[in-house]
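Commentary on secondary and tertiary structure
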Amino acid sequence: MQSLELPYVRSLRCSQCHGLWVAVGEERELVASAAQVDTGDVAVGAHYNGIDRITCPSCTGDTQLIRMVDAAQPHIWFESCGVCFGRFYDAGELRDTAEHTIAEFLRNLDAPERV
């Protein structure tokens, strides 16, 4: 994991998949600059979206992240820590969170259930 080069965040980028670890509360700050921060390949992010058994990079020990669904955009699946409440977004997911298009609204009507 690498620190983001922003003065006001404690968030990290995975050096392999380019997903983002976002500290609690920082997703609101980062959404405004999502296109500049979330630079990973969407196709790579889609591949890693199926991998949801990951350890929290912020907490010590073996804290597993919990699978979550964005309530406003249920096609976005991210992982969250039940201890520090940080979030992990696969590459492209933070950018997608920042956008709300008509096509996404229609896609959300038929979003698959997360299992």
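Just above, that's the structure.
Residues numbered from 1 in each chain as written. Predicted model: local features only at pLDDT ≥ 70, side-chain atom pairs only at ≥ 80, totals over all residues. Heavy atoms only, no water.

Where burial is concerned, the two faces of strand β5 (residues 77-80) agree: the one with Trp77 and Glu79 and the one with Phe78 and Ser80 are both buried. Of the pairings in the sheet, the one linking β5 to strand β6 (residues 87-89) comprises two bridges and is antiparallel in character. By the bridge assignment for β6, Glu79 is matched with Phe88. (Buried < 20%, exposed > 50% of the residue type's maximum accessible area, 1.4 Å probe, protein only. Helix = DSSP H or I, 4+ residues; strand = E, 2+ residues; numbered from the N terminus. Pairing = 2+ DSSP bridges.)

Turning to the sheet that holds β6, a few remarks are in order. As summarised here, the arrangement of the six strands in space is β1-β2-β3-β6-β5-β4, forming an open sheet in which the pairing is antiparallel. Edge strands, defined here as strands with exactly one partner in the open sheet, are β1 (2-3) and β4 (66-69). In terms of strand pairing, β4 meets β5 through four bridges, oriented antiparallel. The partner of Met68 across the bridge, within β5, is Phe78.

Here Ser11 lies in the loop between β1 and β2 (12-13). Polar contacts involving the side chain of Ser11 include one to the main-chain amide nitrogen of Ala23, which spans 3.5 Å. One polar contact links Ser11 to Glu26, side chain to side chain, over a distance of 2.6 Å. Filtering out sequence-adjacent residues up to four positions away, Ser11 remains in contact with Gln2, Ser3, Leu4, Trp21, Val22, Ala23, Glu26 and Leu30. (Polar contact = N/O pair within 3.5 Å; in protein donor to acceptor, adjacent residues only side chain to side chain. Contact = heavy atoms within 4.5 Å.)

Applying the stated criterion across every chain yields a total of one salt bridge. With its nearest N and O atoms 3.8 Å apart, the salt bridge here joins Asp38 to Arg95. Here Arg95 lies in helix α4 (residues 93-98) and Asp38 lies in the loop between α2 (34-37) and α3 (42-48), a separation of 57 residues in the sequence. Accessibility expressed as a relative area gives 1% for Asp38, which makes it buried. (Salt bridge = Lys/Arg side-chain N within 4 Å of Asp/Glu carboxyl O.)

This part covers the environment of Tyr89. Relative to the helices and strands, Tyr89 is located in strand β6. Separated by 69 residues in sequence, Tyr89 and Leu20 place their C-alpha atoms 5.1 Å apart. Leaving out residues up to four positions away in the same chain, Tyr89 has contacts with Gly19, Leu20, Val22, Glu27, Phe78, Leu94 and Thr97. Within the local environment of Tyr89, its side chain forms a polar contact with the side chain of Arg87, the two groups lying 3.0 Å apart.

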